[in-house]
Amino acid sequence: MAAAGRRGRTGGVRPGLRGDRRDTGRSLNLRTSVRAIILDEDDRVLLCRFVFPHPAVPNGAQAVWAAPGGGIEPGEDGLSALRRELREETGLVTAIDPPHVWHQVVVAADHAPGFDGIVNDYFLIRANHFEPRGEFTADQLAAEHLAAFRWWQLSEITNYTGPDLFSPRDLATPLTDLLTSGIPSDPVTLGL
C-alpha cells in the first residue's frame, strides 16, 4: 500500500466509480487503491505490516496488517497498478487478470491525509509460497511505512490478540467466506 502522493499519485474517484456527496453537494476526493489477497497453496494470506504515520494506521494503534497493493497513478488502470505494486513491494510478477473479490469505501477525512476517504478494490491471487522481496529497497519500504511481511493462517488472524489491527478490521470474516465459498459472483462490500 503506497502512501498518497508518492510518484505524483492523485485522489479523486476512479472512472467507473460514482463519488459520494456530502451535504455540501461536492464530490468526495477519495484515494483509490488496489490490493491483492495473495493465498498460497496452504491458504495462508500474505499481509504487510504498516506502521504509523501510514494512512491505514489510526492514532493509538501500533500498526495495521493489510493486503499488499496501493494507489492507482494517473493514467494507470487498476490491474496495471496492482501488478506494479506487487512487483515493487513483494516481487510477485503476474500476468493474469485476477478476480475482483472485495470492494471497500471508507469515508473519513482522517483516514487518508489530504483525502475524504479511500476506495480499496481487492483481487484474489493464488501463488506458491514465496519470500516477499520486491524491487523496493529497505529504505524505500521504510519510506512507505511498510515494516514487515508475514504469511498468516486464518486461525492466526481469528485468534490474534496483539496490539496491531487488521485492514479491514474484521479481515477474518470475508477471508473465511472467500476460503469456504469461493470467488463471489460480485465483489463483496467491506466495512472499515
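Residues numbered from 1 in each chain as written. Predicted model: local features only at pLDDT ≥ 70, side-chain atom pairs only at ≥ 80, totals over all residues. Heavy atoms only, no water.

Asks: Outline the overall build of the protein chain, listing residues and values.
Replies: Counting its regular elements, the protein chain contains four helices and nine strands. Listing every helix and strand of the protein chain by position from the N terminus yields β-β-β-β-α-β-β-α-β-α-β-α-β. Here the protein chain, with 192 residues, has 48% of them falling under the buried criterion. Accessible area for the protein chain stands at about 9,100 Å²; split by element, carbon and sulfur atoms hold 51% of it. (Helix = DSSP H or I, 4+ residues; strand = E, 2+ residues; numbered from the N terminus. Buried < 20%, exposed > 50% of the residue type's maximum accessible area, 1.4 Å probe, protein only. Areas by Shrake-Rupley, 256 points an atom, 1.4 Å probe, with all protein chains shown as cover.)

Asks: Describe the nonpolar core, with residues and values.
Replies: Counting 18 residues, the largest nonpolar core has Ile37, Val45, Leu47, Trp102 and Ile157 as the members making the most contacts within it. Among the elements of the structure, strand S1 (30-39), strand S2 (45-51), strand S5 (100-107), strand S6 (117-126) and helix H4 (172-181) are those that each provide at least two residues to this core. Of all hydrophobic cores here, the second largest spans 14 residues; its members include Val34, Ala36, Ala81 and Leu86. (Core = buried A, V, L, I, M, F, W, Y, C linked by side-chain atoms within 4.5 Å.)

Asks: Account for the pairing of S6, naming residues and giving values.
Replies: Working note: regular strand, side chains alternate between the two faces of the sheet. Burial runs high along S6: nine of the 10 residues are buried. Relative to S6, S1 runs parallel, the two being bridged by 10 bridges. Bridged to Arg35 within S6 is Tyr122. Examined bridge by bridge, S5 and S6 share seven bridges and lie antiparallel to one another. Bridge assignment links Trp102 to a residue of S6, and that residue is Tyr122. (Pairing = 2+ DSSP bridges.)

Asks: Could you give an account of helix H1 (residues 78-89), naming the residues involved and the relevant values?
Replies: With 12 residues, H1 ought to run about 16 Å at 1.5 Å a step, and its terminal C-alpha atoms sit 16 Å apart, in line with that. Looking at the buried residues of H1, the elements they touch are S1, S2, strand S4 (69-71), S6, helix H2 (138-143) and strand S7 (146-152). Capping the start of H1 is the job of one residue whose side-chain oxygen sits 3.1 Å from the backbone nitrogen of Leu79: Asp77. Within two residues after H1, Gly91 carries a phi angle of roughly 90°, on the positive side. (Expected span 1.5 Å × (residues − 1). Contact = heavy atoms within 4.5 Å. Polar contact = N/O pair within 3.5 Å; in protein donor to acceptor, adjacent residues only side chain to side chain.)

Asks: Can you break down the pattern of salt bridges residue by residue, with the values?
Replies: Between side chains of opposite charge, a pair can form when the charged atoms approach closely. Evaluation of the coordinates by the stated rule reveals 11 salt bridges. Residue Asp164 pairs with Arg49 through a salt bridge whose shortest N-O separation is 2.7 Å. With Asp164 in the loop between helix H3 (154-158) and strand S8 (165-167) and Arg49 in strand S2, this pair connects stretches of sequence that are 115 residues apart. Classification of Asp164 by relative accessible area gives buried; the value is 8%. Across the pair Arg83 and Asp97 runs a salt bridge whose closest N-O atoms are separated by 2.6 Å. Of the two residues, Arg83 is situated in helix H1 and Asp97 in the loop between H1 and S5; the sequence distance between them amounts to 14 residues. Beyond isolated ion pairs, a larger network of salt bridges with shared partners links Glu73, Glu76, Arg84, Glu85 and Glu88. (Salt bridge = Lys/Arg side-chain N within 4 Å of Asp/Glu carboxyl O.)

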